[in-house]
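Descriptive structure summary
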Amino acid sequence: MAVLLHSLQHHYGDVNCCSFSTELLATCSGDKTVRVYSATDFSQLPFSPLTGHGYGVHCCSLSTCGTFLASCSTDGLTVVWSTATGAVIARLEHPGRSPVRVCCFSPDSSFLLSGASDGTVALWGVREKRLKRSSVVGEGTVVACTFSPCGQMFVTGSTLGDVRLWNLAIKQLCTEKDAHDLGVNCCHFSPQTHIESQTVKFRLASGGQDSKLKVWIISHCATAGCSMNLIHSLTAQSLPVLCCAFSFDGQMLVSGSVDKTVAVYDAVSNQCYTFCAALHH
C-alpha cells in the first residue's frame, strides 16, 4: 500500500522532473526554477529556489556522490550547482544552443550527459567543466538518457521511438529503431548486473507514447559485441508512460502515466503489485 508522506506545492508551473539522492530531493519546473529539499523532512533548503535559467527547466539530476545537481532548459544551458551552497559551478552551453531536454550523471559522477531537441547529445567532464565530445544521435528530439551501472555506456531515447546504446566515445553499439510507437518518453537502467561467462547483462526499462513500459536485456560481450532484447511489455497503464525508474536495490520498477496513475512492479516477476490513482486536493 502506498502512503502519502508529504505534498510539496512550491512551484508555480508544471513540475517536469524530480531526482533523489541519499540526502536530497530536487524538483524542476516550467516556472524556470529548481527547488531543493531535505529528503528527511522535506523542508526546503535555505538557498532554494535556484533561478539560473531563462526559460522552463525540463530536467534535473542529483549526482550519486551527492555533491552536484544538474538542470537543463529550453535556454540551451545545462547548469551544474553545488548541493552544499546552491552556487553555480558551471554553465554548460549545448553545442548549437539547441533547447536541452534531458540530463543525467554517470554513476561515478565523472560525466554529465545532456540531450537536445536537435537530436544531439553532449558528454561533459564534471570536474573539468568542459565538453568531452558531442554528436548527432538521431533525427528526433532526445528526450531520455541513462547511464549503465558500469558507467561505460549510455542509452538515449527519442521522439521517433528509437532506443540506442552508445559507448563514451559516442559510438553506437546497438539500436532498437521501433522500441515505442510514436516516441520514447523515458528510460532507466537497473543497478543490478548479471555476468555469464564473458557476457555482462543489464536490465533497461523504457516508457513511451504507446502506453507501454518495456523491459529489455542488454548484453555486452567483449568478443561478440552488444545486443538488446525485449523480455517484457507491461500494459497496466492506459495512456502514455511519461517516467520510469528502478529502485536503488533493483527490486522494484515504477512508472507514471498520463492516465494519472503510478504503477509499481516487482522487477523480478514483473507483476504489478501496487497501482495508485492520482491524489487530488
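The following refers to the structure shown. Source: prediction; values computed, not measured.

What about the state of the cysteines?
Tallied over the full model, the rule gives 0 disulfides. Sulfur of Cys-17: no disulfide; nearest cysteine sulfur belongs to Cys-59 and is 3.9 Å away. Accessibility expressed as a relative area gives 18% for Cys-17, which makes it buried. Summary of cysteine pairing: Cys-28 is not part of a disulfide, and the nearest cysteine sulfur, belonging to Cys-60, is at 3.9 Å.

A closer look at the environment of Arg-97
Relative to the helices and strands, Arg-97 resides in the loop between β7 (88-93) and β8 (100-105). Among residues more than four places away in sequence, those in contact with Arg-97 are Asp-75 and Gly-76.

So, the side chain of Thr-261
Here Thr-261 shows up in strand β22 (residues 261-266). Of the residues examined, Thr-261 reaches a relative accessible area of 9% and is grouped as buried. A polar side-chain atom of Thr-261 sits 2.5 Å from a polar atom in the side chain of Asp-259.

Quick word on the sheet that holds strand β18 (residues 213-221)
In spatial order, the strands read β16-β17-β18-β19; together these 4 strands make up an open sheet with antiparallel pairing. Two strands in the sheet have a free side with no partner beyond their single neighbour: β16 (184-196) and β19 (225-234). Averaged over neighbouring strand pairs, the angle between their axes works out to 20° when direction is ignored.

The rules we used
Here the residue index of a chain counts from 1 through its sequence in written order. Only residues with pLDDT of at least 70 are given local features in this predicted model, and only at 80 or more are side-chain atom pairs given and counted; all residues enter the totals for whole chains, interfaces and linings. Side-chain figures throughout are based on the complete set of non-hydrogen atoms in the structure, without hydrogens or water. Throughout, disulfides are identified as pairs of cysteine sulfur atoms within 2.5 Å of each other. In this scheme, a residue with accessible area under 20% of its type's maximum is buried, one over 50% is exposed, and one in between is partly exposed, where area comes from a 1.4 Å probe on protein chains only. The numbering of helices and of strands both runs from the N terminus, where a helix is a DSSP run of H or I of at least 4 residues and a strand a run of E of at least 2. Throughout, a residue-residue contact means that at least one pair of heavy atoms, one from each residue, lies within 4.5 Å. Think of a polar contact as two N or O atoms within 3.5 Å of one another; within protein, one of them needs to be a possible hydrogen donor and the other a possible acceptor, and neighboring residues in sequence only count if both atoms come from side chains. Two strands pair if DSSP finds at least two bridges between them. Every axis corresponds to a line fitted to the C-alpha atoms, with the helix fit spanning only the stretch in contact, and the corresponding angles, defined between N-to-C directions, vary from 0 to 180 degrees.

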